[in-house]
Amino acid sequence: MISIRQLSKRFGEQEAVRGITLEIPPGVLVGLLGPNGAGKSTTIKMLTGMLSPTSGTAEVLGFDVTREPLEVKRVVGYVPESGAVFETLTGQEYLELVAALYHIPEQETRNRILKFGQFFELDERTLSEKQLASYSKGMRQKVVITAALLHNPQVIFFDEPLNGLDANVALSVKTLITSLAREGKTVVFCSHILDVVERICQRIVILHQGRVLADGTLAELQQACGQQSLEQIFNQLTGTQNLLARAEEFARALTQ
Amino acid sequence: MTDATPVPARTIDLEQLRALLRCYWRMATRGKLGATMSNRRSGKPRGILFVGGMYLILGLMVSSSVFVAMDVFTFSLILLSMTFFVVGSAATLESSDVLFNVGESDILGHRPIHPRTLLLAKWLNLVGVSMFLGGALNVFPMFFGLGARGARWWFPMTHVISIVLLSMFCSMAVVCVYGLIIRLFDRNKFDNFAAWAQVAMSFLFIGGYQILPRMMNRFTGLRVESYAAYLYPLPPAWFAAIDAIGSTENDAVFVTLLIALGLISTAILTYIAIGKMAPGYGEALAKLSETRQLRAGGRETVRQKVRFRSASRWWLRDPVERASFRLVAAYMRRDREVKLRLYPQLGSFLIFPLMGLLDRHSASSPFIPLMTIWVLGTLPIAAMETLRASSHPAAADIFAVAPLTTGAPVFFGVRKATIVYLMIPAVCLAAVAIGWLLPGGHAGLVLALPGLVALPVISLLPGCVGSYLPLSRSPQIGSQASKNVTLIFVTMISMGLLAGVSYAAWKLDFLWILLAIEVPFVAAAYWLLVRHIKNQSLHWD
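Residues numbered from 1 in each chain as written. Chains lettered and ligands numbered in written order. Predicted model: local features only at pLDDT ≥ 70, side-chain atom pairs only at ≥ 80, totals over all residues.

## Side note on the overall build of chain A
Scanning chain A for helices and strands turns up 11 helices and 10 strands. What you see for chain A is a C-alpha radius of gyration of 19 Å, in line with the 18 Å of a compact globule of 256 residues. Counting only C-alpha atoms and orienting by the principal axes, one finds that chain A spans roughly 55 × 50 × 40 Å. Counting the 256 residues in chain A, one finds 45% classified as buried. Relative to all contacts within chain A whose residues are 6 or more apart in sequence, the contacts with residues 24 or more apart total 67%. (Helix = DSSP H or I, 4+ residues; strand = E, 2+ residues; numbered from the N terminus. Rg over C-alpha atoms; globule rule 2.2 N^0.38 Å. Buried ≥ 20, exposed ≤ 12 C-beta atoms within 10 Å, placed from the backbone. Contact = placed C-beta atoms within 7 Å.)

## A closer look at the overall build of chain B
Helix and strand content of chain B: 23 helices and zero strands. A total of 541 residues make up chain B; the buried ones form 49% of that total.

## Topic: the pairing of strand 3 (residues 29-33) of chain A
Residue and element names in this part refer to chain A. Taken across its five residues, strand 3 has five buried, putting it largely inside the fold. Neither face of strand 3 is left uncovered, since the one carrying Leu29, Gly31 and Leu33 and the one carrying Val30 and Leu32 both have all their residues buried. Two strands pair when backbone bridges link them, and strand 3 and strand 8 (residues 186-190) are joined in this way by four bridges, in the parallel orientation. In the strand pairing of strand 8, leucine 29 is matched with valine 187. (Pairing = 2+ DSSP bridges.)

## Side note on the confidence of the model for chain A
Taken over all residues, the pLDDT of chain A has a mean of 89, while the share at 70 or more is 99%. Per-element confidence in chain A is highest for strand 6 (residues 76-79) of chain A, whose mean pLDDT is 95, and lowest for helix 11 (residues 243-255) of chain A, whose mean pLDDT is 83. (pLDDT = per-residue confidence, 0-100.)

## What about the sheet that holds strand 10 (residues 211-216) of chain A?
All names here are of chain A. Pairing is mixed in the open sheet, where six strands are placed in the order 6-7-8-3-9-10. Every other strand in the sheet has two partners, leaving strand 6 and strand 10 as the edge strands with one partner each. The average undirected angle you get between the axes of adjacent strands in this sheet is 15°. Sheet topology note: the strand 3/strand 9 (residues 203-208) ladder contains four bridges and is parallel. Bridge pairing in strand 9 links leucine 33 to isoleucine 206. Relative to strand 10, helix 9 (residues 218-225) is tilted by about 115°, and along the sheet it contacts strand 9 and strand 10. (Axes fitted to C-alpha atoms, helices over the stretch in contact; angles between N-to-C directions.)

## Quick notes on the nonpolar core
A:Tyr94, A:Phe189, B:Leu133 and B:Ala241 are the most contacted members of the largest nonpolar core, which totals 153 residues. Top element by residues in this core is helix 3 (residues 72-99) of chain B. It accounts for 17 residues. B:Leu379, B:Phe399, B:Ala426 and B:Ile533 belong to the second-largest nonpolar core, a separate cluster that totals 49 residues. (Core = buried A, V, L, I, M, F, W, Y, C linked by C-beta atoms within 7 Å.)

## Remarks on helix 6 (residues 137-149) of chain A
Residues and elements named next belong to chain A. With 13 residues, helix 6 extends 18 Å between its outermost C-alpha atoms, agreeing within 8% with the 18 Å of an ideal straight helix rising 1.5 Å per residue. With 10 of its 13 residues buried, helix 6 lies for the most part within the structure. Those residues of helix 6 that are buried are in contact with strand 6, helix 3 (91-101), helix 4 (106-120), strand 7 (155-159) and helix 7 (167-182). (Expected span 1.5 Å × (residues − 1).)

## Remarks on the sheet that holds strand 4 (residues 55-60) of chain A
With antiparallel pairing, four strands are arranged side by side in an open sheet as 2-1-4-5 (chain A). The open sheet has two edge strands, strand 2 (14-24) and strand 5 (63-64) of chain A, and neither has a second partner.

## Comments concerning the environment of B:His532
If you trace the backbone, B:His532 turns up in helix 23 (residues 511-535). Along the chain, B:His532 and B:Gly246 lie 286 residues apart, while their C-alpha atoms are 62 Å from each other.

## Notes on the pairing of strand 6 of chain A
Residue and element names in this part refer to chain A. Neither face of strand 6 is open: one carries Val76 and Tyr78, the other Gly77 and Val79, and all of them are buried. As defined by bridge partners, strand 6 adjoins strand 7 across four bridges and the pair is classed as parallel. Counterpart to glycine 77 in the pairing with strand 7 is isoleucine 156.

## Examining the packing of helix 6 (residues 155-184) of chain B against helix 8 (residues 235-243) of chain B
Residues and elements named next belong to chain B. Packing of helix 6 against helix 8 leaves a shortest axis separation of 8 Å and a crossing angle of 155°. It follows that helix 6 is roughly antiparallel to helix 8 by the angle criterion. Every pair of crossing elements has a handedness; the one defined by helix 6 and helix 8 is right-handed. Between helix 6, through Phe155, Thr158, His159, Ile161, Ser162, Leu165, Leu166 and Phe169, and helix 8, the contact on the second element is made entirely by Pro235, Phe239, Ala240, Ile242 and Asp243. In terms of residue class, the contact of helix 6 with helix 8 is built from nine nonpolar, three polar and one charged. (Parallel < 35°, antiparallel > 145°, perpendicular 65-115°, else oblique. Left-handed = near helix turned anticlockwise from the far one by under 90°. Nonpolar A, V, L, I, M, F, W, Y, C, P; charged D, E, K, R; others polar.)

## Focus: the confidence of the model for chain B
For any part of a model where pLDDT is low, the fine detail of the predicted coordinates should not be relied upon. Residue and element names in this part refer to chain B. Per-residue confidence for chain B gives a mean pLDDT of 77, with 74% of residues at or over 70. In this model residues 32-43 is a low-confidence stretch, pLDDT under 50, and it forms 35 contacts with partners more than four residues away in sequence or in other chains. Every residue in residues 477-481 scores below 50 in pLDDT, and together they form 24 contacts with partners more than four places removed in sequence or on other chains.

## Considering helix 16 (residues 367-386) of chain B
Residues and elements named next belong to chain B. With 20 residues, helix 16 extends 28 Å between its outermost C-alpha atoms, agreeing within 8% with the 28 Å of an ideal straight helix rising 1.5 Å per residue. Maximal helix bending in helix 16 amounts to about 25°, located at leucine 379; proline proline 380 follows within four positions. A large share of helix 16 lies buried, amounting to 18 of its 20 residues. (Bend = angle between axes of the 7 residues up to and from the residue.)

## A closer look at the environment of A:Thr146
Residues and elements named next belong to chain A. When you line up the elements, threonine 146 lands in helix 6. On the basis of neighbour count, threonine 146 is assigned to the buried category, with 23 C-beta atoms found within 10 Å. Sequence spacing of threonine 146 and glutamine 92 is 54 residues, and the spatial spacing of their C-alpha atoms is 11 Å. Once you skip the residues sitting within four places of it in the chain, threonine 146 turns out to touch Leu95, Phe116 and Phe120.

## Focus on the environment of B:Ala448
Residues and elements named next belong to chain B. Inspection of the secondary structure puts alanine 448 in helix 19 (residues 441-458). Along the backbone, alanine 448 and serine 502 are 54 residues apart, and their C-alpha atoms lie at a distance of 8.0 Å. Excluding residues that lie within four positions of it along the chain, alanine 448 makes contacts with Pro369, Thr372, Ile373 and Ile434.

## Let's talk about unusual backbone geometry
Here A:Asn152, not a glycine, exhibits a phi torsion of approximately 55°, which is positive. Mapping A:Asn152 onto the fold places it in the loop between helix 6 and strand 7. On the basis of neighbour count, A:Asn152 is assigned to the partly exposed category, with 17 C-beta atoms found within 10 Å. Of note, B:Asp509 is a non-glycine position whose phi angle comes to about 65°, a positive value. Mapped onto the elements of the fold, B:Asp509 is located in the loop between helix 22 (485-507) and helix 23.

## Digging into the packing of helix 6 of chain B against helix 9 (residues 252-277) of chain B
Residue and element names in this part refer to chain B. Running from N to C, helix 6 and helix 9 point in directions that differ by 40°, and their axes come no closer than 9 Å. Our classification of the angle between helix 6 and helix 9 gives oblique. Where helix 6 crosses over helix 9, the handedness of that crossing is left-handed. Residue-level contacts link Leu165, Met168, Phe169, Met172, Ala173, Val175, Cys176 and Gly179 of helix 6 to Gly262, Ser265, Thr266, Leu269, Thr270, Ile272, Ala273 and Met277 of helix 9. Residue composition of the contact of helix 6 with helix 9, by class: 11 nonpolar, five polar and no charged.

Here is the structure:
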């Protein structure tokens, strides 16, 4: 389904991704973890055909991301971390635009928007009358997720989809992600919320400084690192040292 | 399997093109103004309609020139020179938003759109916006032109074709210039080169309207000598020739040659932009959205810092004012969006001194200094209104969080940054051009003094209308043309009146008396406006 071999990406002098090799079979929900700047988003952008790799190869459903970016884009769905949308469009207009880009017939588009609206409890009037600029963060994220799933992609990348969402919306998104994996779709889930990854992902990949540090099920990682929780494993691998001492020093500096 | 229909490997996908065009048009016509006025419901295109209305009136005024027995080619040339300026400026201003919108990468970058379809949609959007404005300017002249000497009954139809082709040419030229820059330079250099290219393009388009007619030394009354060789490199003349088809007033060979030039150059630009540059467009957009290591560009040397600190100790003694000054100064030097919007405005005021240099006849006339100071008057408002927007508007929440009772120190910081980084260099440049390069320059400088004295008061105006918070609005596609029109309009009228009074005083030899009256008046106005701004409570919208 997703096959990555020695994938690298360099931005000038900075090497964001350094020779990643991964195989992700169909129907798996993979958690992609890493501290900020670990190369998660860059990897996803290469896998969605948005960025060309500097070296190495990657295939999604057999399509090469460098040679066949348009074919790759047809079969993937992507929820960007930024949650960017065209803010001056209404939700309905935005989703219709996205559907047209995938050549989904109008009637089918309307049906799907209706279904997603029912699932996410999106008010039809709000969708058709208000510009996205006036939506709350949660509502906007619902539209972004709907836009990523509208064409029924086989591979879906979620880049920090729970950022800034309230508990109810976050629960809807988590439930949706697990349901999609159960339906046989390959889901790559990038998040900093480790307990969510621990609970819903079948496989966990930890990136650090552009390299894969760990790859396996939670049980495999626990065994390899000799730690119990994903948080401890993550901390051990990505090295946050003397956290308590540094926090106390910072708090003291504020009060002085 | 996925439901995305497998599309044949054609590069222009008409269904996608239609969808993108609909989307871009909605965004261009709604903009910020539309959203605000309609309580953020699906906005009506009021902003762009307002500007269109103003051009409609301007077109009506220009139409009156037909009554001075002008031939059809000359009439069309004057009109299309103005349209060239309107259309070219609109295309240049909107292009950075439309063509290289970094945020768009996360929205469309992962969709299966061929770069050629995307670029074509963006170009057509640019053509649409510029044609709307150019069209508004030409609605009345299109019919009044029937009264021009030698005009045939089909003039309105040929004039529509001229406007469409002119809009296509201008937009395609802009696309080509940006396409070339992004191919040649990396993102950091692209920002700088694009900003300066935009200045150059604005200059070119304004030049097409202002300078070129003055270079036509063979103007006899208001008639262009048809065989003049200088008409061949002028794009407005190529398209004006279309209106002269069948006219007995102009030579058929001359008209045909000009039309051929227009069609060939538009076709070449189209081929370069869509055929050659489009394949690399997707990659170029991705290049712009790439993360990069940014150095704090435009840093001062240590000596400059020391000097600035001692000078600013008194001038920027309010800490909020100082912070606001530094924030805006950093954006003026480093931020791509701000640079692209701000610096092209510099092109407009340099036009008039340059006009004087090119046209020795008008060089010593009072027209040059008066017009220069007139345009300079609009610069602080245009610049400060531009500085209201940035690509990081959410960061301006810092002003809402900070315990500020009034936005006055924030506004004064921005105003001072505008004075230091824009107004002083602009005034110096204009003074050098008028005072040293033009004959009779010293008299010209004296003539510009009343306008110069008024500038500090003019620069206070943006702070008088509601709370001024810098970088707090997101730049919206289509909003550039509609922004600040009212304030600038008021300033232009006031500065125009002042220029008229200055001229009269200069003619009647009481310019120094006028200055003596003006200075206390300006001082009082300055004091009152500063007081008004300081008393305004901070309103966060």
